[in-house]
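A look at the structure
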Amino acid sequence: MAIKTIEDLFIHELSDTYSAEKQMTKSLPRLAKAATDEGLVAAFEAHLTETEAQVERLEQVAEVLGVKLKRIKCEAMEGLVDEAKEIIDSIDAGPLRDAALIGGAQKAEHYEIAAYGTLCAMAKSLGYKDALPLLLETLEEEKATDEKLTILAEQGGNQRAAEQAA
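Below you will find a few notes about this structure. (Residues numbered from 1 in each chain as written. Predicted model: local features only at pLDDT ≥ 70, side-chain atom pairs only at ≥ 80, totals over all residues. Heavy atoms only, no water.)

Quick word on the overall build of the protein chain
Check the secondary structure of the protein chain and you find five helices and zero strands. For the protein chain, the N- to C-terminal ordering of α and β elements is α-α-α-α-α. Along the longest, intermediate and shortest principal axes, the C-alpha atoms of the protein chain span 55 × 25 × 20 Å. Counting the 166 residues in the protein chain, one finds 46% classified as buried. With the model as given, the accessible surface of the protein chain reaches about 8,800 Å², and the carbon-plus-sulfur share is 52%. Averaging the locations of the 18 positively and 32 negatively charged side chains of the protein chain gives two centres separated by 6 Å. (Helix = DSSP H or I, 4+ residues; strand = E, 2+ residues; numbered from the N terminus. Buried < 20%, exposed > 50% of the residue type's maximum accessible area, 1.4 Å probe, protein only. Areas by Shrake-Rupley, 256 points an atom, 1.4 Å probe, with all protein chains shown as cover. Lys, Arg positive; Asp, Glu negative; His and termini not counted. Charge placed at Lys NZ, Arg CZ, Asp CG, Glu CD.)

In structure tokens form, the structure reads like this:
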């Protein structure tokens, strides 16, 4: 796709983010299955439900704007998903793997926060008043998920991993 205008760029970024969210809906069940901490499992399962709603919200944005999402693959999210697979394959189940899964999930959340922040800024500049609230809602959800992951790490996830090594 040739990107020649800010509108083209917005559609490209929207499509890329849509691909990222679709990849997350496939990855989150694997993360939940690989985690051993019940709180972390619950967080991954809850975020799957949230991510499915985010996919629908992106479809709504495209519909509201009358644009068609491009069939592209988000290479960045693919790399983050591959990293998570590597964590699962290379670290035995337990607190250390859980700590690594939290870190990997936070990388993905930070990527999504950046993506939605960019989309919100573009939507604002383009005057996409009907799309902006949908994008802002997801941005806030992504920030909240990142905060929940931080709390899981700080409330014992990292400490249990440290004790496992000792």
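Looking at helix H4 (residues 95-126)
In this model, H4 (32 residues) spans 46 Å end to end at C-alpha, consistent with the 46 Å of a helix rising 1.5 Å per residue. Phi for Gly127, located one or two positions after H4, is positive at around 75°. (Expected span 1.5 Å × (residues − 1).)

A look at the side chain of Glu141
Residue placement: Glu141 occurs in helix H5 (residues 132-165). Residue classification places Glu141 among the buried residues on the basis of a relative accessible area of 17%. Looking at Glu141, its side chain comes within polar contact range of the side chain of Gln54, at 2.8 Å. Those residues within four positions of Glu141 in sequence are excluded, and the remaining contacts are Glu50, Gln54 and Arg57. (Polar contact = N/O pair within 3.5 Å; in protein donor to acceptor, adjacent residues only side chain to side chain. Contact = heavy atoms within 4.5 Å.)

Some points on the nonpolar core
Grouped together as the largest cluster of nonpolar side chains are 26 residues, with contacts concentrated most on Leu31, Leu40, Phe44, Met77 and Leu101. Elements that contribute at least two residues to this core include exactly helix H1 (6-34), helix H2 (38-65), helix H3 (75-90), H4 and H5. Filtering out sequence-adjacent residues up to four positions away, Phe44 remains in contact with Leu28, Leu31, Ala32, Ala35, Leu101 and Ala105. (Core = buried A, V, L, I, M, F, W, Y, C linked by side-chain atoms within 4.5 Å.)

With respect to the environment of Val41
Position of Val41 relative to the elements: it lies in helix H2. Distance in space between the C-alpha atoms of Val41 and Lys22 is 20 Å, their sequence separation being 19 residues. Residues in contact with Val41, not counting those within four places in the same chain, are Ala32 and Ala35.

Examining the state of the cysteines
A full pass over the atoms with the stated rule returns zero disulfides. Summary of cysteine pairing: Cys74 is not part of a disulfide, and the nearest cysteine sulfur, belonging to Cys120, is at 17 Å. Look at Cys120 and you get buried, because its relative accessible area is 5%. (Disulfide = S-S within 2.5 Å.)

Thoughts on the packing of aromatic side chains
Taken as a whole, this structure holds one aromatic pair when the rule is applied. For the ring pair Phe10 and Tyr128, a centre distance of 5.2 Å and an interplane angle of 70° mean the geometry is edge-to-face. Of this pair, Phe10 sits in helix H1 while Tyr128 sits in the loop between H4 and H5, and the two are 118 residues apart along the sequence. Since its relative accessible area comes to 1%, Phe10 is described here as buried. (Phe/Tyr/Trp six-rings, centres within 6.5 Å; stacked < 30°, edge-to-face > 60°.)

Some details on the packing of H3 against H4
In the contact formed by H3 and H4, the axes pass within 10 Å of each other and the chain directions differ by 175°. It follows that H3 is roughly antiparallel to H4 by the angle criterion. In this structure, H3 contributes Ala76, Met77, Leu80, Glu83, Ile87 and Ile88 to the contact, and H4 contributes Arg97, Ala100, Leu101, Lys107, Ala108, Tyr111 and Glu112. Taken together, the residues that form the contact of H3 with H4 break down as nine nonpolar, no polar and four charged. (Axes fitted to C-alpha atoms, helices over the stretch in contact; angles between N-to-C directions. Parallel < 35°, antiparallel > 145°, perpendicular 65-115°, else oblique. Nonpolar A, V, L, I, M, F, W, Y, C, P; charged D, E, K, R; others polar.)

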